[in-house]
Amino acid sequence: TLFLDRIAAHNPTLNAFITVDRDGAIEAARAADARIAAGQAGPLTGIPLAHKDVFCTEGVLTTCGSKMLSNFVSPYDAHVVSLLKAAGAVNLGKTNMDEFAMGSSNENSHYGPVKNPWDTTRIPGGSSGGSAAAVAARLAPIATGTDTGGSVRQPAGHTGITGIKPTYGVVSRYGMIAYASSLDQGGAFGASAADCAQLLTAMAGFDERDSTSLERPAEDYAREIAAPASDKPLAGLRIGLPREFFAEGMAEDVRAAVEAALEQYRRLGASTVEVSLPNAKLAIPAYYVIAPAEASSNLSRFDGVRYGHRAAEYRDLAEMYAKSRAEGFGAEVKRRILVGTYVLSHGYYDAYYLQAQKLRRLIAQDFQAAFRQCDVIAGPTSPTTAWAIGEKTDDPVQMYLSDIYTIAVNLAGLPGLSHPCGFGAGKLPVGLQLIGDYFGEARLLGTAHQYQ
Ligand code: GLN
């Protein structure tokens with residue numbers, strides 16, 4: 001009950017959990033004890049964890065941070081949840097998040113903002129801010145998240161922990177409430193790369209219930225987690241530094257921490273080489289067309305008929321839909337649905353959606369060209385450290401711009417990791433982002449492990 005007690009003590013301040021499943025956790029822990037006693041334990045047997053509230057959990061409230069699903073008890077487990085149950089992990093509860101994973105600060109949750117454990121006047125990042133805050137405050141040793149445009153890496157960076165988003169298709173999206181299906185990917189949070197490697201190994205794997213799940217042999221993502229073989233364990237590793245990431249826009253304190261981390265990588269034997277991602281600056285406009293377009297389609301299922309919020313009074317079916325959706329969705333979700341339906345509508349589709357898809361292709365090609373010159377790409381996770389709660393809530397475009405370094409990775413479907421690399425002004429954590437080529441997760445984790 002160590003973690004349950006820590007949650008009871010600190011969650012009232014941090015608001016990292018929406019639901020705490022104390023009874024379920026104790027029952028699962030007893031079952032894990034029996035497995036350990038029987039000599040049938042795996043690496044995660046008996047290890048507590050928290051799930052982002054975007055993952056469906058059988059018999060446990062699954063809200064996705066929304067009033068729309070504030071009464072939704074899922075009748076089934078997401079693939080990720082069932083894999084972790086089978087591994088013997090103990091679910092402590094469900095973590096707070098931006099509504100339907102739309103946001104970068106966790107202020108868009110129906111359940112109130114999450115506080116950054118390093119400074120409770122600041123945001124923890126988003127949309128998986130509850131999972132990140134929970135791990136950073138040691139309310140859970142590991143946690144799941146999802147990353148559509150940075151929602152694992154960015155909050156990991158802002159809370160001083162490690163987070164990885166694998167290659168698109170590695171983790172099944174079955175039972176993970178959809179935001180933008182071509183970008184959504186489950187990911188792992190931990191205090192270290194080694195912890196993330198264990199969690200990702202248990203979460204990943206082919207699932208025929210997700211049509212974009214990749215049919216590949218099972219991988220041990222911890223295979224490159226090893227004690228340093230020499231004082232230059234990264235000798236031969238070529239780290240690409242995208243010129244565009246370092247040109248401008250990064251706060252000075254973030255730049256200083258990132259430069260110091262790169263110096264440390266050079267001491268460990270890695271070499272750095274300048275690369276170019278000329279179209280990366282177009283990632284934000286492309287993403288904020290594609291993601292809302294897919295969201296407007298995915299969220300059409302929330303109509304108040306079979307599950308979720310239904311308006312109390314209505315005259316006919318059309319009004320029931322309209323009122324249920326008007327009441328159930330928050331402002332940011334409505335903004336995205338409006339943008340999405342607009343860019344998909346007749347006459348605008350070619351001008352916006354099709355153009356964004358072309359940019360997406362160009363961005364992916366830029367990464368492929370860069371990976372001919374380097375093994376991993378490094379840069380900041382975010383342009384600034386965690387900002388004050390309320391600072392960007394009136395200006396959605398400012399909020400969107402904070403995703404500048406993370407979004408291109410999702411558009412290309414590549415794996416990305418953020419690990420802590422020191423502190424900026426006000427003792428706030430800074431994240432270093434490592435981007436790998438397709439299926440480069442083990443390399444990213446092994447590299448981060450040497451740094452740590
Ligand atoms: N901040 C981005 C958005 O609001 C990314 C969110 C995410 O990765 N889920 O869409």
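Everything numeric in this text was worked out from a predicted model, so none of it was measured.

A word on the site of the ligand
Thinking step 1. Close to the ligand lie 13 residues; A101, S104, T148, G149 and S151 are nearest.
Thinking step 2. Within the shell around the ligand, the residues separate by chemical class into 4 nonpolar, 7 polar and 2 charged.

What to know about the pairing of strand β10 (residues 416-423)
Thinking step 1. Counting buried positions along β10 yields 6 of 8 residues, so the element is predominantly enclosed.
Thinking step 2. One ladder, built from 3 bridges, connects strand β5 (residues 162-165) with β10; its direction is antiparallel. Note that in β10 the partner of K165 across the bridge is G416.
Thinking step 3. Note that β10 and strand β11 (residues 429-436) share 6 bridges and pair antiparallel. Its bridge partner being in β11, H419 is matched across the sheet by L432.

Focus: unusual backbone geometry
Thinking step 1. In this chain, G126 is followed by S127 through a cis amide linkage whose omega measures 5°.
Thinking step 2. Relative to the elements of secondary structure, S127 occurs in the loop between β3 (90-95) and α4 (129-136).
Thinking step 3. The phi dihedral of N15 is positive, around 60°, even though this residue is not glycine.
Thinking step 4. Exposure remark for N15: the 22 C-beta atoms within 10 Å place this residue in the buried category.

Comments concerning the nonpolar core
Thinking step 1. Counting 122 residues, the largest nonpolar core has L49, L84, A134, A140, F189, M203 and L445 as its most contacted members.
Thinking step 2. Among the elements that make up this core, the one with the highest residue count is helix α9 (residues 283-298) (9 residues).
Thinking step 3. Excluding its chain neighbours within four sequence positions, the residues that come into contact with F189 are S131, A132, V135, I142, A143, G145, V152, A156, I161, G163 and C196.

A short note on helix α2 (residues 22-37)
Since the α-helix packs 3.6 residues into each turn, any two residues three or four apart lie on the same face.
Thinking step 1. Its 16 residues place the ends of α2 23 Å apart at the C-alpha level, agreeing with the 22 Å of an ideal helix rising 1.5 Å per residue.
Thinking step 2. A positive backbone phi angle near 75° is found at G39, which sits one or two residues after α2.

Concerning α9
Thinking step 1. Taking 1.5 Å of rise per residue, the 16 residues of α9 would be expected to cover 22 Å, and the 22 Å separating its terminal C-alpha atoms lies within 8% of that figure.
Thinking step 2. With respect to burial, α9 is a largely interior element, 12 of its 16 residues being buried.
Thinking step 3. Those residues of α9 that sit buried are A283, A286, Y287, Y288, V289, I290, A291, P292, A293, E294, A295 and S296.
Thinking step 4. Its buried side turned inward, α9 meets α11 (331-344), α12 (349-370), α13 (396-401) and α14 (407-412).

Quick look at the sheet that holds β3
Thinking step 1. Read from one edge of the open sheet, 11 strands run β1-β3-β2-β4-β6-β5-β10-β11-β9-β7-β8, paired in mixed fashion. A strand with exactly one partner marks an edge of an open sheet, and here the two such strands are β1 (17-20) and β8 (271-275). Across the sheet, the mean angle separating the axes of adjacent strands is 30° when strand polarity is ignored.
Thinking step 2. With 5 bridges joining them, strand β2 (residues 48-52) and β3 adopt parallel strand pairing. Within β3, the residue paired with K52 across the bridge is T95.

Points about the UniProt feature "active site" (unreviewed entry) in the chain
Thinking step 1. Under the feature "active site" (unreviewed entry), the UniProt entry names K52, S127 and S151. These annotated residues cover 100 residues of sequence, and their C-alpha atoms all fall within 11.0 Å of one another, placing them together at a single site.
Thinking step 2. Exposure remark for S127: the 34 C-beta atoms within 10 Å place this residue in the buried category.
Thinking step 3. In this structure S127 touches M97, D98, A101, M102, G103, N106 and S151, once residues within four positions along its chain are discounted.
Thinking step 4. For S151, the location among the structural elements is in the loop between β4 (142-146) and α5 (153-159).
Thinking step 5. According to the C-beta neighbour criterion, S151 is buried, with 36 such atoms within 10 Å.
Thinking step 6. Non-local contacts of S151, meaning those with residues more than four positions away in its chain, are made with A101, G126, S127, S128, G145 and T146.

So, how was this worked out
Residues numbered from 1 in each chain as written. Predicted model: local features only at pLDDT ≥ 70, side-chain atom pairs only at ≥ 80, totals over all residues. Near = placed C-beta within 6 Å. Nonpolar A, V, L, I, M, F, W, Y, C, P; charged D, E, K, R; others polar. Buried ≥ 20, exposed ≤ 12 C-beta atoms within 10 Å, placed from the backbone. Helix = DSSP H or I, 4+ residues; strand = E, 2+ residues; numbered from the N terminus. Pairing = 2+ DSSP bridges. Core = buried A, V, L, I, M, F, W, Y, C linked by C-beta atoms within 7 Å. Contact = placed C-beta atoms within 7 Å. Expected span 1.5 Å × (residues − 1). Axes fitted to C-alpha atoms, helices over the stretch in contact; angles between N-to-C directions. UniProt positions renumbered as here; feature names shortened; annotations may be inferred.

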